[in-house]
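Examination of the molecular architecture
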Amino acid sequence: MGSSEIRSQSGAGQATVAAGINIALVKYWGKAPGTDNRPSVGSLSLTLDAPGTETTVRFDAALPADTFVLDGLPAPVAPVTKVLDDVRRLAGETRRAAVTSRNTVPTAAGLASSASGFAALGLAAWHAAGLGDPGTPLDRRLVELVRRGSGSAPRSLLPGFARIDVETAGVEGVPAPPEFDVSLVIALCAVGPKAVKSRDGMAASAETSPYYPAWVSSHPADLAAGEAAVRAGDFGALGEVMEHSTLKMHACMLATRPPLRYWTPGTLAALDALGALHALGRVFTTMDAGPHVKALCRRADEAVVAETLRPVAREVLIARPGDGARLVEPKAAR
Ligand code: 2P0
């Protein structure tokens, strides 16, 4: 019996990890040519304290195949198996796994549940296979296997502000001054899954949007400005570049053939409702590949922003900077 087999059989075999969603402030849209799901642009994000995903991975020698239960129902296992295969290869683990996952965000509603989902799955599998503490900076192999699942997922491995570098495709934390108290108020503006998945939309934009080359070439300046604003704790500068990056991304999406229009009347109603606070520089907004509006404000303003959004939104969530993906069980393994 090889040493890897000894390790796989004596390892914990099971782990549960919780991860929060993250919202991009400087956006990611597009893949680098080739495979491995590398991005064509970097990104800057904020990992939130809620909502997110909790996932348990249990390697079990009695299982003939991997299984995946999402929010209590059997779900497609192929994307999960890809992540598990990467971990099995690294750990010399041969057993199949039972994976159960619970989302506290509407799945595929454009609220980035794939990011928290793949971050939680990757780290839970990592621990269940006995690969140990991924360390700081994060073990590059964990970042890569999580990214192959979802390009935005590495950002949910880290707490607070995080940045993906386009050259290395690595992720690192961006420190903000301790007094930089921001909140993200999320207005859910529609129900149901989004019309076009991000992956398909990105491919279509790269192929057909005349604005895609400009999006890619003008992106590094936004990322640098966003990172500088976080480091300086400059709320206004961060909000301004976040909106610019957001609107450039949506312009690129709209000029895709066929067009990608993720906004709904509810999106515009939320933006209009925030007009007066926006004019005062107290709130800035961002939208992803979905209709929901995420409003960045100072913590002192989170209640007034939420109250302003409530009459026009289906639901309003107040979130703050949160922890990265973290081990819930077994506690002693970290
Ligand atoms: C972001 N989005 O930076 C951007 C803004 C959506 C719009 O990352 O294909 O689910 O799995 O890498 O990570 C959503 O894309 O896409 C996303 P894949 P992912 O948050």
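For clarity, every value in this text was computed on a predicted model and none was experimentally measured. (Residues numbered from 1 in each chain as written. Predicted model: local features only at pLDDT ≥ 70, side-chain atom pairs only at ≥ 80, totals over all residues. Heavy atoms only, no water.)

Now for the overall build of the protein chain. In terms of regular secondary structure, the protein chain is built from 10 helices and 12 strands. The globule rule puts the C-alpha radius of gyration for 334 residues at 20 Å, and the 20 Å found for the protein chain is close to it. Counting only residues that meet the buried cut, the protein chain has 53% of its 334 residues in that class. Excluding contacts between residues fewer than 6 apart, the proportion of contacts in the protein chain whose partners are at least 24 apart in sequence is 76%. When the accessible area of the protein chain is evaluated, it comes to approximately 14100 Å², of which 57% is carbon and sulfur surface. Separation of charge centres in the protein chain, based on 34 positive and 33 negative side chains, amounts to 4 Å. (Helix = DSSP H or I, 4+ residues; strand = E, 2+ residues; numbered from the N terminus. Rg over C-alpha atoms; globule rule 2.2 N^0.38 Å. Buried < 20%, exposed > 50% of the residue type's maximum accessible area, 1.4 Å probe, protein only. Contact = heavy atoms within 4.5 Å. Areas by Shrake-Rupley, 256 points an atom, 1.4 Å probe, with all protein chains shown as cover. Lys, Arg positive; Asp, Glu negative; His and termini not counted. Charge placed at Lys NZ, Arg CZ, Asp CG, Glu CD.)

Attention now goes to the site of the ligand. Near the ligand there are 18 residues, and of these Tyr28, Lys31, Gly151, Ser152 and Arg155 occur at the shortest range. Here lysine 31 contributes a side-chain N or O atom positioned 2.5 Å from an oxygen atom of the ligand. Between the ligand and the protein, one listed contact pairs an oxygen atom with a side-chain N or O atom of serine 114 at 3.0 Å. Relative to its unbound accessible area of 460 Å², the ligand is 92% covered by the protein chains. Per element, the largest residue contribution to the shell around the ligand is 3 residues, and it comes from helix α5 (residues 198-208). Here the residues of the shell around the ligand are counted per class, giving 6 nonpolar, 7 polar and 5 charged. Each of domain 1 (3-176) and domain 2 (182-319) accounts for three or more of the residues forming the shell around the ligand. (Near = heavy atom within 4 Å. Polar contact = N/O pair within 3.5 Å; in protein donor to acceptor, adjacent residues only side chain to side chain. Nonpolar A, V, L, I, M, F, W, Y, C, P; charged D, E, K, R; others polar. Domains from an automatic or database assignment.)

Right, let's get into the sheet that holds strand β11 (residues 315-319). Strand order in this open sheet of 4 strands is β9-β10-β8-β11, and the pairing throughout is antiparallel. Unpaired on one side and paired on the other, β9 (283-286) and β11 mark the two borders of the sheet. Neighbouring strand axes in the sheet, compared pairwise and without regard to direction, differ in orientation by 25° on average. When strand β8 (residues 182-188) meets strand β10 (residues 293-298), the two strands line up antiparallel, connected through 6 bridges. Residue pairing for β10: valine 182 is matched across the bridge by arginine 298. Sheet strands in contact with helix α7 (residues 235-254) are β8, β9 and β10, and its direction is about 25° off that of β9. (Pairing = 2+ DSSP bridges. Axes fitted to C-alpha atoms, helices over the stretch in contact; angles between N-to-C directions.)

What follows is about the packing of helix α2 (residues 78-91) against helix α4 (residues 140-149). Their axes nearest at 9 Å, the elements α2 and α4 cross at an angle of 155°. Between α2 and α4, the angle falls in the class roughly antiparallel. Handedness of the crossing formed by α2 with α4: right-handed. Each of Val83, Asp86, Val87 and Leu90 in α2 lies in contact with α4, whose residues at this interface are Arg141, Leu145 and Arg148. Classifying every residue of the contact of α2 with α4 gives 4 nonpolar, no polar and 3 charged. (Parallel < 35°, antiparallel > 145°, perpendicular 65-115°, else oblique. Left-handed = near helix turned anticlockwise from the far one by under 90°.)

Moving on to the side chain of arginine 155. Turning to its location among the elements, arginine 155 is positioned in the loop between α4 and β6 (161-164). Buried charge without a partner: arginine 155 forms no salt bridge, and the closest opposite charge is aspartate 288, 6.3 Å away. Each residue touching arginine 155, except ones within four places of it in the same chain, is listed here: Asn22, Ala24, Tyr28, Ser43, Ser45, Thr47, Ala162, Ile164 and Val171. (Salt bridge = Lys/Arg side-chain N within 4 Å of Asp/Glu carboxyl O.)

All right, on to the nonpolar core then. Within the largest apolar cluster, 38 residues are counted, with the highest numbers of intra-cluster contacts made by Val57, Leu84, Val99, Leu142 and Leu157. Of all the secondary structure elements, the ones that give two or more residues to this core are β1 (14-26), β2 (43-60), α2, β5 (96-103), α3 (113-128), α4 and β6. In terms of residues, this core owes the most to one element, α3, which gives 9 residues. If we skip the residues at most four places from it in the chain, leucine 157 touches Ala119, Leu138, Leu142, Val143, Val146, Gly324 and Ala325. Of all hydrophobic cores here, the second largest spans 24 residues; its members include Ile23, Phe161, Leu188 and Val230. (Core = buried A, V, L, I, M, F, W, Y, C linked by side-chain atoms within 4.5 Å.)

As a further point, take helix α6 (residues 212-232). Look at α6: 30 Å from first C-alpha to last across 21 residues, which is about the 30 Å you get at 1.5 Å a residue. Helix geometry: α6 is bent most strongly at histidine 219, by close to 40°, with proline proline 220 lying one to four residues after it. Within α6 the residues assigned to the buried category are Tyr212, Trp215, His219, Asp222, Leu223, Gly226, Glu227, Ala229 and Val230. Buried residues along α6 sit against β1, β2, β6, α5 and α7. The positive-phi residue at the C-terminal boundary of α6 is glycine 233, with phi of around 65°. (Expected span 1.5 Å × (residues − 1). Bend = angle between axes of the 7 residues up to and from the residue.)

Turning to the domain arrangement of the protein chain, a few remarks are in order. For the protein chain, the assigned domains are domain 1 (3-176) and domain 2 (182-319). Listed by partner, the interface residues are 34 residues for domain 1 and 41 residues for domain 2. Both sides of the domain 1 and domain 2 interface together cover about 3000 Å² of buried area, and 71% of this is carbon and sulfur. Summed over the three residues of domain 1 that lose the most area to domain 2, namely Leu25, Lys27 and Trp29, the buried surface amounts to 28% of that side. Counting every contact that joins domain 1 to domain 2 gives 2 salt bridges. Across the pair arginine 163 and glutamate 227 runs a salt bridge whose closest N-O atoms are separated by 2.6 Å. Seen at the junction of domain 1 and domain 2, the total is 10 residue pairs in polar contact (both at pLDDT 80 or more). Elements supplying a minimum of two residues to the side of domain 1 that touches domain 2: β1, β2, α4 and β6. Per-element accounting of the side of domain 1 that touches domain 2 gives the leading share, 7 residues, to β2. When its residues are assigned to classes, the side of domain 1 that touches domain 2 shows 21 nonpolar, 8 polar and 5 charged. (Buried area = accessible area lost by both parts, 1.4 Å probe.)

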